[in-house]
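Each chain, written out:
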Amino acid sequence: MLIEKKLAELTVGHYVVKIIHQANNFSLTAAGHIKSKAVINHLKSKKVYCVLIDESKTITPSGTEAGPLLAKPSKNNLRDLKQAQEIFNQSKVIQQKLFNDALSGSSLDLLPVIEITNKSIDAIFNSPDSLACMLNIREKDEYLLEHSVAVAVYITLFSRYLGLDRDIIEQLSIGAFLHDIGKIKIPDEILNKPGKLTDDEFTIMKTHANHSIDIITATAGVSALSLEVAALHHEKLNGSGYPFQVSGDDISQYGRMITICDIFDALTARRVYKEGYTHGKAFAILRELAKQEQLDSSLVDQFIKCIGVFPIGSLVQLKSNKLALVKYRNDNDPTNPQVHSFYSVKHHHFLNKQEIDLSMSDDFIVRGVTAEEFDLDMQQIIEMLLMEG
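Before going into details, it helps to say that this report is about the structure given with it. (Residues numbered from 1 in each chain as written. Predicted model: local features only at pLDDT ≥ 70, side-chain atom pairs only at ≥ 80, totals over all residues. Heavy atoms only, no water.)

**Comments concerning the packing of helix 6 (residues 166-178) against helix 9 (residues 224-232)**
Now for step 1: Across the interface, helix 6 lies against helix 9 with an axial gap of 8 Å and an inter-helix angle of 45°. It follows from the interaxial angle that helix 6 and helix 9 lie oblique. With respect to the hand of their crossing, helix 6 and helix 9 are arranged in right-handed fashion. Mapping the contact onto sequence places Ile168, Gln171, Leu172, Ile174, Gly175 and Ala176 in helix 6 and Leu225, Ser226, Val229 and Ala230 in helix 9.
Now for step 2: Across the contact of helix 6 with helix 9, the residue classes tally to seven nonpolar, three polar and no charged. (Axes fitted to C-alpha atoms, helices over the stretch in contact; angles between N-to-C directions. Helix = DSSP H or I, 4+ residues; strand = E, 2+ residues; numbered from the N terminus. Parallel < 35°, antiparallel > 145°, perpendicular 65-115°, else oblique. Left-handed = near helix turned anticlockwise from the far one by under 90°. Contact = heavy atoms within 4.5 Å. Nonpolar A, V, L, I, M, F, W, Y, C, P; charged D, E, K, R; others polar.)

Encoded structure:
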């Protein structure tokens, strides 16, 4: 049944068919469900006053804020991984469009960001390990595009682990998705310089945070919380950060969270001129920064527990001199996850894959490794071991 609804009557779960009355010429990308308050706020910012909904398709919440939009964990590994890859690729397309618009001085369209962050949040609530796994098979030459997408995934995983409300998670994810938009204003020779930046170059690099704040502030529909986390992502507890040297209690919990997520991804991401650190090495650096009172030590510890000692999709070397990919975490015994062994370090060749529950095996993890150490391609490893089931 199709009925008209004033925007004030629109709620999460309604299925919007089209816009009936507005002050501008805004158009929907497609008919669909209202998945969050942010979508409604975005329509308000575009001066939409009335919409047509299909009442027969309304989703009714079932006792929780997120209602049916938060699905139970799925056991279908292959489907979840394919969906995660689609979301990650779609996120990069949207991120590229944002960069292009920001570079040309055009206003940013927030609706695609809201839609993709909601897809990402839904996927993480449904199968948190799948999107986390995607972060391990990124392209070396797409760091600028993929970093903000990855930070949005990490802060969603972290927020879910901490039990934050769905509405807060969405705002944090949007802020993370936009947090580095100002980097498009930095000259390429500085942004992509392989070596250490000079003091003058670093001064220019730091202005990306100011550019991000300006661009996000000018974007209609962005919440104060989304702007806050984007603005704080380079600030440090001891006041050594930038752009405003915010310190101590003036940095909110959410600001402290995005800083941890941002640094962790920067440490672990592969780039054309630099291989990423293993997760273990990155965790050690985070703890050292916490000792220096740059990061919140309690949140660092919780982030490490959230991501896991040996995260899903990471590579490990076993005592048996085999390489294995972590497939499932073991919450009761975090140092002994379930893995897929696939490669002989001693003989430098692939083996028939074997699934091993290390908590039930005499074999054990010696160390975390990277694919590059053994001249292997992470994308092919993931596809071989997981895409085939």
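The structure having been displayed, the exposition proceeds.
**Considering the nonpolar core**
Now for step 1: If you look at the biggest cluster of nonpolar residues, it comprises 106 residues, and the most contacted ones within it are Leu10, Leu286 and Phe303.
Now for step 2: Of the residues forming this core, the biggest block, ten residues, is contributed by helix 5 (residues 143-162).
Now for step 3: The next biggest cluster of nonpolar side chains, apart from the first, holds five residues, and it includes Ile186, Leu191, Leu197 and Met205. (Core = buried A, V, L, I, M, F, W, Y, C linked by side-chain atoms within 4.5 Å. Buried < 20%, exposed > 50% of the residue type's maximum accessible area, 1.4 Å probe, protein only.)

**What about the sheet that holds strand 2 (residues 15-22)?**
Now for step 1: The sheet built from four strands is open, its strands ordered 1-4-2-3 with antiparallel pairing. The sheet is open, and its two edges are formed by strand 1 (2-6) and strand 3 (32-33), each paired on a single side.
Now for step 2: Note that strand 2 and strand 4 (residues 48-54) share five bridges and pair antiparallel. Residue pairing in the sheet places Gln22 in a bridge with Val48 of strand 4. (Pairing = 2+ DSSP bridges.)

**Details of helix 10 (residues 253-268)**
Now for step 1: In this model helix 10 runs 23 Å from its N-terminal to its C-terminal C-alpha over 16 residues, within 8% of the 22 Å that 1.5 Å per residue would give.
Now for step 2: Most of helix 10 sits out of view: 13 of its 16 residues are buried. (Expected span 1.5 Å × (residues − 1).)

**Thoughts on a negative patch on the surface**
Now for step 1: A cluster of acidic residues, Glu139, Asp141, Asp377 and Glu383, forms a negative patch on the protein surface.
Now for step 2: With respect to the element layout, Asp141 can be found in the loop between helix 4 (128-134) and helix 5.
Now for step 3: Among the residues examined, Asp141 registers a relative accessible area of 60% and is labelled exposed. (Patch = residues over 30% accessible without salt bridge, like charges linked within 9 Å, V, L, I, M, F, W, Y side chains within 5 Å. Areas by Shrake-Rupley, 256 points an atom, 1.4 Å probe, with all protein chains shown as cover. Salt bridge = Lys/Arg side-chain N within 4 Å of Asp/Glu carboxyl O. Lys, Arg positive; Asp, Glu negative; His and termini not counted. Charge placed at Lys NZ, Arg CZ, Asp CG, Glu CD.)

**Notes on the sheet that holds strand 8 (residues 349-357)**
Now for step 1: What the five strands build is an open sheet, ordered 8-7-6-5-9; its pairing is antiparallel. Two strands close off the open sheet at either side, each with one partner strand: strand 8 and strand 9 (365-369). Direction aside, neighbouring strands of the sheet carry axes that sit 30° apart on average.
Now for step 2: Relative to strand 9, strand 5 (residues 315-318) runs antiparallel, the two sharing four bridges. Across the sheet, Leu318 pairs through a bridge with Ile365, a residue of strand 9.

**Re the packing of aromatic side chains**
Now for step 1: The tally for this structure, following the rule as stated, stands at nine aromatic pairs.
Now for step 2: Between Tyr343 and Phe350 the ring centres are 5.3 Å apart and the planes differ by 80°, which places this aromatic pair in the edge-to-face class.
Now for step 3: Residue classification places Phe350 among the partly exposed positions, given a relative accessible area of 45%.
Now for step 4: A connected cluster of aromatic rings, assembled from ring pairs, spans Tyr154, Phe158, Phe264, Phe283 and Phe303.
Now for step 5: It is Arg271 that lies over the ring of Tyr143; its NZ or CZ is 3.9 Å from the centre.
Now for step 6: Positioned above the aromatic ring of Tyr277, the side-chain terminus of Lys274 is 5.3 Å from the ring centre. (Phe/Tyr/Trp six-rings, centres within 6.5 Å; stacked < 30°, edge-to-face > 60°. Lys NZ or Arg CZ within 6 Å of the ring centre and 35° of its normal.)

**Some words on the pattern of salt bridges**
Oppositely charged side chains are able to pair whenever their charged atoms sit close together.
Now for step 1: Per the counting criterion, the structure on display carries twelve salt bridges.
Now for step 2: The salt bridge involving Lys92 is made with Glu146; its shortest N-O contact spans 2.9 Å. Residue Lys92 is located in helix 2 (residues 77-104), and its partner Glu146 is located in helix 5; the two are separated by 54 residues in the primary sequence.
Now for step 3: For Lys92, a relative accessible area of 12% translates into the label buried.

**Structural notes on the pairing of strand 5**
Now for step 1: Because side chains alternate across strand 5, one face comprises the buried residues Leu315 and Gln317, and the other comprises Val316 and Leu318, equally buried.
Now for step 2: In this structure, strand 5 lies alongside strand 6 (residues 322-328), joined through three bridges in antiparallel fashion. Within the sheet, the bridge partner assigned to Val316 lies in strand 6 and is Ala324.
Now for step 3: The turn linking strand 5 back onto strand 6 is made up of three residues, and Asn321 within it adopts a positive phi angle of 70°.

**Some details on the pairing of strand 4**
Now for step 1: The buried fraction of strand 4 amounts to six of the seven residues, a majority that puts the element mostly inside the structure.
Now for step 2: By the bridge criterion, five bridges tie strand 1 to strand 4 in an arrangement that is antiparallel. Pairing of Lys6 across the sheet is with Cys50, part of strand 4.

**Remarks on the packing of helix 11 (residues 279-291) against helix 12 (residues 297-307)**
Now for step 1: One way to put it is that helix 11 packs onto helix 12 with a least axis distance of 9 Å and a crossing angle of 165°. Judged on the interaxial angle alone, helix 12 and helix 11 are roughly antiparallel. Helix-helix and strand crossings are classified by hand; for helix 11 and helix 12 the assignment is left-handed. Residues Phe283, Leu286, Arg287 and Ala290 of helix 11 touch helix 12, and the partners they reach there are Ser297, Val300, Asp301, Phe303, Ile304 and Ile307.
Now for step 2: Looking at the contact of helix 11 with helix 12 residue by residue, the classes come out as seven nonpolar, one polar and two charged.

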